[in-house]
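Summary of the model geometry
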Amino acid sequence: MQTRPGDAPTALISADRDLPVLTEEQFSDDPHATFRSYRADHPVVAHEAGSCFVLRLGDIERLSKDPRLGATGTAFPKMLGVVDGALFENFEYGMLTANGDVHRRRRAPFSRTFAARTMAELRPLIRQAAEGLIEEWHAAGRVEFVEHFASRLPALVISDILGLPRADIPTFTRHVYDATRFISLSVRPEDIPVAEEATRQLLEYAKTMLDDRRRQPRDDFLSRFLAAADEAGELSPLEMLYQIVQLIIGGTDTTRVAIVMQVSLLLQHQEQWDAVCRDAALIPAAVAESLRYEPSVASTGRMSAEDIEVDGVVIPAGRLIALSAMSGMRDERVYADPDVFDIHRTVPTRLHPVFGGGAHRCIGEALARIELEESLGALAAAIPQLRLEVAPTIRGYTGIRRVDHMHLSWRV
Ligand code: HEM
């Protein structure tokens, strides 16, 4: 069944056949417009692929911490007909989709490394890394920003934290961008073998890195992780490998998209870019507003073993639930003029939907925010005369979103 916005609002309903069912096609042009057209009358909509979207900010915040909702396990790959291989295993053995004690065991070895206080110590190094990248192309007066900055900074930082050789960055980032095609409902059938091969390559890479540390321990994160994991005996070999794969994926693609979007949005609103260049104290607000306006992770996945009531609508047990940050962050109940990009908003931006909530809240949030702030600070200080030549396109309305090219120029 497909319905139009404005169909009669639902009373308390208990079967998903009563929800509007949205098609992939309805999201192809302007996903924000599609979410907007349903949000007023429908707290929840269904998607033809089989999941449900929660659209309003208050519901998303509440449900992301609701103990009745768990992580999705392998439901997502199964929904798309993927039942084995590296793509499937990433869901089977990774922390993102695990529940309860299994999740705790998989996440615990990384909590201290990525804690906000530890990450704050890296701030000066991250700023230096950003300045170093800018230095490489500053004299040219033009740059393709995605490849030469936004892709490189997060990859450099996660490599240094984990202890991966910087020379491996071009290879593993390519695999990450192919692998993350699968972390979205927009995945096309032809993407699946590409994402499978890329995930397998990332698994092989993590294995090579861990085998290397096992033979020859070093003074780096991977060696310490391996020693601690071996001693605790709580993780199987595949679990160890997939946590490293998830850190490489999480630490690379999401922040890349966010860096691209914040620079693009500010340059499309020249007076706001100029304001940031004049006053660096505006940077945290600019980062938050960019994440609100175009979150790089469009939604987080949840599942419930029981029926869940949302504003009078019941999501039946066993359905995949997408808590839609893209919709929630433009909820007109919370943000005035939500479709206006405005770094001077007086209502503080509620970033929970963007980084998730509860036990799965993004482990790299503190790191990501520092990377976003320092990359913007370095650019605004070095090239205030920056101009947008070609704006990037951002695509996707679930999972990790995708960006293409972005060309910048400036007077030298
Ligand atoms: C702007 C950048 C980022 C955004 C928008 C983002 C967003 C998210 C979201 C929405 C989740 C799921 C939370 C949930 O299900 O409730 C998540 C989880 C995760 N993120 Fe991030 N993330 C970002 C950067 C990073 C970075 C830099 C790392 C690297 C350390 C990272 C690693 C992870 C991991 C490993 C998880 C799984 C956590 C768990 O299940 O316990 N992310 N992230």
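Cut-off values and rules
Residues numbered from 1 in each chain as written. Predicted model: local features only at pLDDT ≥ 70, side-chain atom pairs only at ≥ 80, totals over all residues. Heavy atoms only, no water. Helix = DSSP H or I, 4+ residues; strand = E, 2+ residues; numbered from the N terminus. Rg over C-alpha atoms; globule rule 2.2 N^0.38 Å. Buried < 20%, exposed > 50% of the residue type's maximum accessible area, 1.4 Å probe, protein only. Contact = heavy atoms within 4.5 Å. Near = heavy atom within 4 Å. Polar contact = N/O pair within 3.5 Å; in protein donor to acceptor, adjacent residues only side chain to side chain. Pairing = 2+ DSSP bridges. Axes fitted to C-alpha atoms, helices over the stretch in contact; angles between N-to-C directions. Parallel < 35°, antiparallel > 145°, perpendicular 65-115°, else oblique. Left-handed = near helix turned anticlockwise from the far one by under 90°. Donors = N, O, S within 2.8 Å, 3.2 Å for Na, K, Ca; no water.

Per an unreviewed UniProt entry, the protein chain goes by Cytochrome P450 and derives from Inquilinus ginsengisoli.

1. Focus: the overall build of the protein chain
Secondary structure summary: the protein chain contains 18 helices and 13 strands in total. Taking 2.2 N^0.38 as the reference for a compact globule, 412 residues should give roughly 22 Å; the C-alpha atoms of the protein chain span a radius of gyration of 21 Å, in line with that estimate. Principal axes of the C-alpha set define a box for the protein chain whose edges measure 60 × 55 × 40 Å. Buried residues in the protein chain amount to 56% of all 412 residues. Residue pairs at least 24 apart in sequence account for 71% of intrachain contacts in the protein chain once pairs closer than 6 positions are excluded.

2. Topic: the site of the ligand
Around the ligand there are 25 residues in total, and His103, Arg107, Arg302, His360 and Cys362 lie nearest to it. A distance of 2.7 Å separates an oxygen atom of the ligand from a polar atom in the side chain of histidine 103. Between the ligand and histidine 360 there is a distance of 2.6 Å, counted from an oxygen atom to a side-chain nitrogen or oxygen. At the level of secondary structure, the elements contributing two or more residues to the shell around the ligand comprise helix H5 (100–111), helix H13 (237–268), strand S6 (299–304) and helix H17 (352–355). In terms of residue count, H13 provides more of the shell around the ligand than any other element does, six residues in total.

3. Structural notes on the sheet that holds strand S5 (residues 142–144)
Paired through backbone hydrogen bonds, the strands of a sheet run either parallel or antiparallel to each other. Taken in spatial order, the three strands line up as S5-S13-S10 in an open sheet, and their pairing is antiparallel. This sheet does not close on itself; its edge strands, each paired only once, are S5 and strand S10 (387–390). Averaged over all pairs of adjacent strands, the angle between their axes in this sheet comes to 25°, without regard to strand direction.

4. Let's talk about the packing of helix H9 (residues 152–162) against H13
Two elements in contact, H9 and H13, have axes separated by 8 Å at closest approach and are oriented at 155°. In terms of orientation, H9 and H13 fall into the roughly antiparallel class. Every pair of crossing elements has a handedness; the one defined by H9 and H13 is right-handed. When H9 is examined against H13, the residues Leu153, Pro154, Ala155, Ile158 and Leu162 are found in contact with a partner set consisting of Leu247, Ile248, Gly251, Thr252, Thr255, Arg256 and Ile259.

5. A few points about the coordination of the iron atom of the ligand
On the protein, Cys362 (SG) is the one donor atom to the iron atom of the ligand, at 2.3 Å. Along the chain, cysteine 362 falls in the loop between H17 and helix H18 (365–382).

6. Concerning the pairing of strand S9 (residues 320–324)
Summarising burial for S9: five of the five residues are buried, a large majority. Sheet topology note: the strand S3 (residues 52–54)/S9 ladder contains three bridges and is parallel. Across the sheet, residue valine 54 finds its bridge partner in S9, namely leucine 323. With five bridges connecting them, S6 and S9 associate as antiparallel partners. When the bridges of S9 are listed, methionine 303 appears paired with leucine 320.

7. Things to note about the pairing of S6
With two bridges joining them, strand S4 (residues 69–70) and S6 adopt antiparallel strand pairing. The residue bridging leucine 69 from the neighbouring strand is serine 304, located in S6.

8. As for the sheet that holds S3
The strand order across the open sheet built from six strands is S1-S2-S3-S9-S6-S4, with neighbouring strands paired in mixed fashion. Of all the strands in the sheet, the pair left with one neighbour each is strand S1 (21–22) and S4. Two elements, S1 and strand S2 (residues 44–47), share two bridges in a ladder whose sense is parallel. What sits directly across from valine 21, in S2, is alanine 46. Helix H2 (residues 57–64) rests against S3, S4, S6 and S9 of the sheet, and its axis sits at about 125° to S9.

9. Section: H9
The buried fraction of H9 amounts to nine of the 11 residues, a majority that puts the element mostly inside the structure. Leu153, Pro154, Ala155, Leu156, Val157, Ile158, Ser159, Ile161 and Leu162 are the residues of H9 that are buried. Count one or two residues on from H9 and you reach glycine 163, which has phi positive near 95°.

10. Focus: the environment of valine 194
Here valine 194 is to be found in helix H11 (residues 191–215). Separated by 19 residues in sequence, valine 194 and histidine 175 have C-alpha atoms that sit 9.1 Å apart. Dropping the residues within four chain positions of it, valine 194 is found in contact with Asp178 and Arg181.

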